[in-house]
Amino acid sequence: MDPKTVVLASDHAGYSLKNALRDYLASEGYAVIDAGTDSSASCDYPVYAEKACRILLAGDADLALLVCGTGVGMSLAANKIPGVRAACCSDVYTAKFTRLHNDANALCLGARVLGEGLAREIADIFVSTEFEGGKHARRVDMIRKIEAGGTLLD
Ligand code: RB5
C-alpha cells in the first residue's frame, strides 16, 4: 500500500484531537480513513476501537490511531482483538520503539494528557517507523502464541 493508510477513531474526549491528527497526517501525504466518532457527543470508546481495528485487520489500513481521554481505554479494548498490538504512548521514544521492536499496529493517545504538538510528533514517528524484525519477530510471534491460547511455559 502506498502511501501508507492510517485509520483513525476516537470517542468524544478524543474527537477534536482525532480530527486534528487526521488533517495533519493527510497534509503529510498519508491516506486517512476516519472511523468516527463524528461529534463531541458522549459515546463509548470500545465501539470506536473496534470499528478502526476491524478496518485495520481487513487490510484496508496499515496502522490505526485511536484517541480517547487517556488513550488507555482505547488500548485495552483494541488489545482484546486478536491481531491488534496497540500501544498507548505519551512520548516519542516509546512510539518509535513500539514500532521497531513490538510491531505495534495501533497507536493510542490521550487527548486529556497530550497537547496537539506532542501528539503530532508521536503520531509522526509511529507512522513513519518500520518494524525491525529479527529477534523482535520471534518475540512478537510469542505474543501471537499467547493470544491464540497457547503457552510459552511448556
Ligand atoms: C471518557 O470520559 C473517558 O473515560 C475515555 O475517553 C477514556 O479516557 C477511557 O479510557
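Our subject is the structure listed above.
Residues numbered from 1 in each chain as written. Predicted model: local features only at pLDDT ≥ 70, side-chain atom pairs only at ≥ 80, totals over all residues. Heavy atoms only, no water.

Chemist: Describe the sheet that holds strand S1 (residues 5-10), listing the residues and the values that go with them.
Modeler: With respect to topology, five strands assemble into an open sheet ordered S2-S1-S3-S5-S4, the strand pairing being parallel. Every other strand in the sheet has two partners, leaving strand S2 (31-34) and strand S4 (86-88) as the edge strands with one partner each. Ignoring which end each strand starts from, the neighbouring axes of this sheet average 25 degrees apart. When strand S3 (residues 63-68) meets strand S5 (residues 106-110), the two strands line up parallel, connected through five bridges. Counterpart to Cys68 in the pairing with S5 is Gly110. Set on the sheet, helix H1 (residues 15-27) makes contact with S1, S2, S3 and S5; between it and S1 the angle comes to about 165 degrees. (Pairing = 2+ DSSP bridges. Helix = DSSP H or I, 4+ residues; strand = E, 2+ residues; numbered from the N terminus. Axes fitted to C-alpha atoms, helices over the stretch in contact; angles between N-to-C directions. Contact = heavy atoms within 4.5 Å.)

Chemist: So what's going on with the pattern of salt bridges? Residues and values would help.
Modeler: Scanning the entire structure with this criterion turns up ten salt bridges. Of the charged contacts, one joins Arg22 and Asp34 as a salt bridge, the two residues approaching to 2.6 Å between their closest N and O atoms. In this pair, Arg22 sits in helix H1 while Asp34 sits in strand S2, placing the two residues twelve residues apart along the sequence. Judged by its relative accessible area of 22%, Arg22 is partly exposed. (Salt bridge = Lys/Arg side-chain N within 4 Å of Asp/Glu carboxyl O. Buried < 20%, exposed > 50% of the residue type's maximum accessible area, 1.4 Å probe, protein only.)

Chemist: Talk me through the state of the cysteines; I want residue IDs and the actual numbers.
Modeler: Counting across every chain of the model gives zero disulfides. Summary of cysteine pairing: Cys43 is not part of a disulfide, and the nearest cysteine sulfur, belonging to Cys68, is at 10 Å. The thiol of Cys89 is unpaired, and the distance to the nearest cysteine sulfur, on Cys88, comes to 6.8 Å. Owing to a relative accessible area of 1%, Cys89 belongs among the buried residues under this scheme. (Disulfide = S-S within 2.5 Å.)

Chemist: Summarise the packing of H1 against helix H5 (residues 116-128); cite the residues concerned and give the values.
Modeler: The N-to-C vectors of H1 and H5 enclose an angle of 50 degrees; their axes lie 10 Å apart at closest approach. Taken together, H1 and H5 sit at an angle that is classed as oblique. Our pair here, H1 against H5, has a crossing hand that is right-handed. Across the interface between the two elements, Leu17, Ala20, Leu21, Tyr24 and Leu25 from H1 touch Glu116, Ala119, Arg120, Ala123, Asp124 and Val127 from H5. Split by residue class, the contact of H1 with H5 holds eight nonpolar, no polar and three charged. (Parallel < 35°, antiparallel > 145°, perpendicular 65-115°, else oblique. Left-handed = near helix turned anticlockwise from the far one by under 90°. Nonpolar A, V, L, I, M, F, W, Y, C, P; charged D, E, K, R; others polar.)

Chemist: Tell me about the site of the ligand, and name the residues and values.
Modeler: Residues in contact with the ligand, as listed here, are Asp11, His12, Ala13, Tyr45, Cys68, Gly69, Thr70, Gly73 and Arg112. Measuring from an oxygen atom of the ligand, one finds a backbone N or O atom of Gly69 at 2.8 Å. Within the contact set of the ligand, an oxygen atom lies 3.0 Å away from a backbone nitrogen or oxygen of Gly73. Surface burial for the ligand is 71%, taken as the share of its 290 Å² of free accessible area covered by protein chains. Each residue belonging to the shell around the ligand can be placed in one class, and the counts come to three nonpolar, four polar and two charged. (Near = heavy atom within 4 Å. Polar contact = N/O pair within 3.5 Å; in protein donor to acceptor, adjacent residues only side chain to side chain. Areas by Shrake-Rupley, 256 points an atom, 1.4 Å probe, with all protein chains shown as cover.)

Chemist: Account for unusual backbone geometry, with residues named and values stated.
Modeler: With omega at 0 degrees, the peptide bond leading from Gly36 into Thr37 counts as cis. Note that Thr37 resides in the loop between S2 and helix H2 (45-57). Phi angles above zero are rare outside glycine, and Asp103 is one such case at about 50 degrees. Along the polypeptide, Asp103 turns up in the loop between helix H4 (92-100) and S5.

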